[in-house]
Amino acid sequence: MDIKRRTQIYNNLCSFARKCIYSILSVATLPNHIAFIMDGNRRYSKQHNLVDGEGHKVGYSSLMSMLRYCYELGVKYVTVYAFSIENFKRSPEEVRSLMDLMEEKIEGLIKEESLVNQYGVRVHFAGNLKLLPKPVRLAAERAMKATAKNSKAVLTICIAYTSTDEISHAVEECCEEKRDDVKVSNDGKYEKDVINVVDIERHMYMAVAPDPDIIIRTSGETRLSNFLSWQSGNCLLCSPSVLWPEIGFRHLVQAILEFQYKLYYLNKQKQT
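Definitions and cut-offs
Residues numbered from 1 in each chain as written. Predicted model: local features only at pLDDT ≥ 70, side-chain atom pairs only at ≥ 80, totals over all residues. Heavy atoms only, no water. Helix = DSSP H or I, 4+ residues; strand = E, 2+ residues; numbered from the N terminus. Rg over C-alpha atoms; globule rule 2.2 N^0.38 Å. Buried < 20%, exposed > 50% of the residue type's maximum accessible area, 1.4 Å probe, protein only. Areas by Shrake-Rupley, 256 points an atom, 1.4 Å probe, with all protein chains shown as cover. Lys, Arg positive; Asp, Glu negative; His and termini not counted. Charge placed at Lys NZ, Arg CZ, Asp CG, Glu CD. Pairing = 2+ DSSP bridges. Axes fitted to C-alpha atoms, helices over the stretch in contact; angles between N-to-C directions. Contact = heavy atoms within 4.5 Å. Core = buried A, V, L, I, M, F, W, Y, C linked by side-chain atoms within 4.5 Å. Expected span 1.5 Å × (residues − 1).

Q: For the overall build of the protein chain, give the residues involved together with the corresponding values.
A: Of the regular secondary structure elements, the protein chain holds 10 helices and six strands. By the compact-globule yardstick of 19 Å for 272 residues, the protein chain fits well, its C-alpha radius of gyration being 21 Å. In terms of principal-axis extent, the alpha carbons of the protein chain reach across some 90 × 45 × 35 Å. For the protein chain, the proportion of its 272 residues judged to be buried stands at 44%. By element, 52% of the accessible surface of the protein chain is carried by carbon and sulfur atoms, the whole surface being about 15400 Å². Looking at the protein chain, you have 36 positive and 33 negative side-chain charges, and the mean spots of the two groups are 6 Å apart.

Q: How would you summarise the sheet that holds strand β5 (residues 214-217) if you had to cite specific residues and measurements?
A: If you walk across this open sheet you meet the six strands as β3-β4-β2-β1-β5-β6, and the pairing is parallel. The strands lining the two open edges of the sheet, one partner per strand, are β3 (121-126) and β6 (236-238). Each adjacent strand pair in this sheet contributes to an overall mean axis angle of 20°, direction not counted. Judged from the three bridges that link them, β5 and β6 form a sheet pairing that is parallel. Following the sheet pairing, I214 is matched in β6 by L236. Packing against the sheet, helix α4 (residues 92-109) makes contact with β2 (77-84), β3 and β4 (153-161), and its axis sits at approximately 155° to β2.

Q: Describe the nonpolar core, and please don't skip the residues or the numbers.
A: If you look at the biggest cluster of nonpolar residues, it comprises 55 residues, and the most contacted ones within it are F36, Y71, V78, F125, I216 and L252. With eight residues, the top contributor of residues to this core is helix α3 (residues 54-73). When near neighbours in sequence (up to four residues on either side) are disregarded, Y71 contacts K76, V78, L115, Y119, V121, A153, V154 and L155. In terms of nonpolar packing, the next biggest core, distinct from the first, is built from 15 residues, Y205, A209, F227 and L228 among them.

Q: Summarise α3; cite the residues concerned and give the values.
A: In this model α3 runs 29 Å from its N-terminal to its C-terminal C-alpha over 20 residues, within 8% of the 28 Å that 1.5 Å per residue would give. What α3 keeps buried is the set G55, H56, G59, S62, L63, M64, M66, L67, Y69, C70, Y71 and L73. At the C-terminal side of α3, G74 shows a positive phi close to 100°.

Q: So what's going on with unusual backbone geometry? Which residues, and what values?
A: Phi is positive for N49, close to 55°, though the residue is something other than glycine. Inspection of the secondary structure assignment puts N49 in the loop between α2 (41-47) and α3. Residue classification places N49 among the exposed positions, given a relative accessible area of 71%. Of note, the phi angle at A160 is positive, near 55°, even though the residue is not glycine.

Below is the structure:
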C-alpha cells in the first residue's frame, strides 16, 4: 500500500473519530462563538531553531485545523487575534515579514477551494484597518467582498486591533452620530442618556458577532492582552500550556467540555 493511500485511510479514520466525538459533545449545549489568542509562534520558532517567520507559518496551519474543527462541530462564530496595534512596535523587519505573510494567507482565503468557501464562511476583518499597509488592506477588502454572500458561519480576523482602540472608535462614532441630537435644558445642562450602551455596541468593530462563549489563549497565559475586553465579561477563558503551533483537537474538546460543565454558572453571571 503506497503512502498516499495510507494517508487517506488515516485521514478518514480521524474524520470518523471526530464525528463520533462531535455527536457526544452535541448532547449538551455547544458554544456559539469561540475566540482564539494565538500566542507562542515566536517562542515555537526559537525552541525548534526555525528561521524568523517560520513559526507563524506553522501557526497558520494550526489555525486552519482549529477552524475546520469548529466548523465541523457547528460553531457559527470564530474570532482570531491576528495582529495587535501594539505589534507595530516590533522591529520593522518583523512587521514587514508578518504583513507579507498576512497578505499571502488572506489571498488564499478567497480561493475557490479554500476552507472558508468549503464551509460557507463569511470573512470579516475587525480593527483599525487604515493602519495596515495598502496591499494588506486591499487584500482584506477583497476577502470580505468575495465571501459576503457566505452565510453558514462567520470568521472575524482581528488585525490592527486593540479593545482600547475599538471602544474609543465606537464612542467617537456615537458622538458624531448623535451630535445633532444633543439638547441643552433651560439651566444650561446637557440632556442625559443621549448615548447609551446599545449605541456604543452598535459601532464596535465586533458588532458582527455575539459576545464570545470561550476565549482560548495558548502558552498558558491568562491575560487578554487588550482583546475583546468589552465583550468578554461573562465568557470562559481557557489557557492550555501548549504554544499556538502545537494546539490540537484535544485542546478544543477540553475547552468545550469545561464550557459545558460551567455553563450554569456562566449563565447565572450574565443574569446578575
